[in-house]
Amino acid sequence: MQQLCPSDLSILLIEPSDVQRKIIIKQLAEEGATQVSTADSIATAMVQLKQHKADLVISSLYFEQGTSLELLAKLKNDADLADVPFVLISSETKKAQLEQFKQSGVVAILPKPFNSIQLGKALNAAIDLLSPAELELSLFDVHDVRVLVVDDSRLARNHIKRVLQNLGIQHLTEAEDGQQAIELLKNNMFDLVVTDFNMPEVNGQELTQYIREQSQQSHIPVLMVTSEANESHLANIAQSGVNALCDKPFEPETVRALLSRIMEH
């Protein structure tokens, strides 16, 4: 598939403020994205998406009738729209509020206001999802790599799987939490574990410690996905034996670079 560029993207911008819509449209144009339609409410956005499926949805967080979390839920529960990349724009700083979006498979969260670098990165993340490119490994055939994906959020697992499938990885097994992952590891062989950190019962750090200290596959590379921002906490996670840490949202370009590094060494 030919690599897309911002000018190829059909974008639906959902923003209740007329002034903000104009500002964002101008910023998108500066990045080369000019195919932009707009909506000022969740209801209008759903009507437009039903009529014409956009390549990318960019949405503000708050609306008179609710939040874009409700919109995202509608999209994820619609078979025709579930795979549309979603970018959130928000001035919200509360971790709990943003955590819901990070767990829902958004491709990027842009602060308000955002700069051209942040916008360009978000557009590139969407493009990477829309135009798959296989990961080339010298030591493995990427089609043979067996990956265990561990996350208590179904939406997050779906997003992680989509990113990995776009890289050419075909053998994917899911676990809903660390305890289920441990049971799978006892009876199956894997080449890579991609795990969330925050999970009930057995979290990602405890799962990694089990892999390193108790499993028969102590050598498996572990990629930890986390929205944790505390530096000391991250250092503690790193010491548990993970090979790499990756932020949520799970960005294709970052994942490609991390997998190239940890799978080749």
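Residues numbered from 1 in each chain as written. Predicted model: local features only at pLDDT ≥ 70, side-chain atom pairs only at ≥ 80, totals over all residues. Heavy atoms only, no water.

An unreviewed UniProt entry lists the protein chain under the name Two-component system chemotaxis response regulator CheY, with Rheinheimera soli as the source organism.

1. Structural notes on the UniProt feature "modified residue: 4-aspartylphosphate" (unreviewed entry) in the protein chain
As recorded in UniProt, the sites labelled "modified residue: 4-aspartylphosphate" (unreviewed entry) are Asp196. Inspection of the secondary structure assignment puts Asp196 in strand β10 (residues 192-196). Those residues in contact with Asp196 that lie beyond four places of it in its chain are Gln103, Val150, Asp151, Asp152, Gly204, Met224, Val225 and Lys248. (UniProt positions renumbered as here; feature names shortened; annotations may be inferred. Helix = DSSP H or I, 4+ residues; strand = E, 2+ residues; numbered from the N terminus. Contact = heavy atoms within 4.5 Å.)

2. Quick notes on the environment of Ser91
Counting through the fold element by element, Ser91 comes out in the loop between β6 (86-90) and α4 (95-102). A sequence separation of 18 residues divides Ser91 from Ile109, and the C-alpha atoms of the two residues are 9.9 Å apart.

3. Remarks on unusual backbone geometry
Along the chain, Lys112 connects to Pro113 via a cis peptide bond; the corresponding omega equals 5°. For the peptide bond that leads from Lys248 to Pro249, omega is 0°, which places it in the cis range. Take Pro249: it is sitting in the loop between β12 (244-247) and α10 (252-264).

4. Let's talk about a negative patch on the surface
Judged by side-chain charge, Glu134, Glu136, Asp141 and Asp144 come together as a negatively charged surface patch. Structurally, Asp141 can be placed in the loop between α5 (116-130) and β8 (146-150). (Patch = residues over 30% accessible without salt bridge, like charges linked within 9 Å, V, L, I, M, F, W, Y side chains within 5 Å. Areas by Shrake-Rupley, 256 points an atom, 1.4 Å probe, with all protein chains shown as cover. Salt bridge = Lys/Arg side-chain N within 4 Å of Asp/Glu carboxyl O. Lys, Arg positive; Asp, Glu negative; His and termini not counted. Charge placed at Lys NZ, Arg CZ, Asp CG, Glu CD.)

5. Observations regarding the sheet that holds strand β3 (residues 56-60)
Whenever strands of a sheet pair, they do so through backbone hydrogen bonds, lying parallel or antiparallel. Spatial strand order, β2-β1-β3-β6-β7: 5 strands in an open sheet with parallel pairing. The open sheet terminates on both sides in strands that have one partner only, identified here as β2 (36-39) and β7 (108-111). Pairs of neighbouring strands in the sheet enclose a mean axial angle of 20°, with direction left out of account. As judged from the 4 bridges shared by strand β1 (residues 11-14) and β3, these two strands associate in the parallel manner. When the bridges of β3 are listed, Ile14 appears paired with Ser59. Its contacts with the sheet put helix α3 (residues 68-76) on β1, β3 and β6, and the angle it makes with β6 is roughly 175°. (Pairing = 2+ DSSP bridges. Axes fitted to C-alpha atoms, helices over the stretch in contact; angles between N-to-C directions.)

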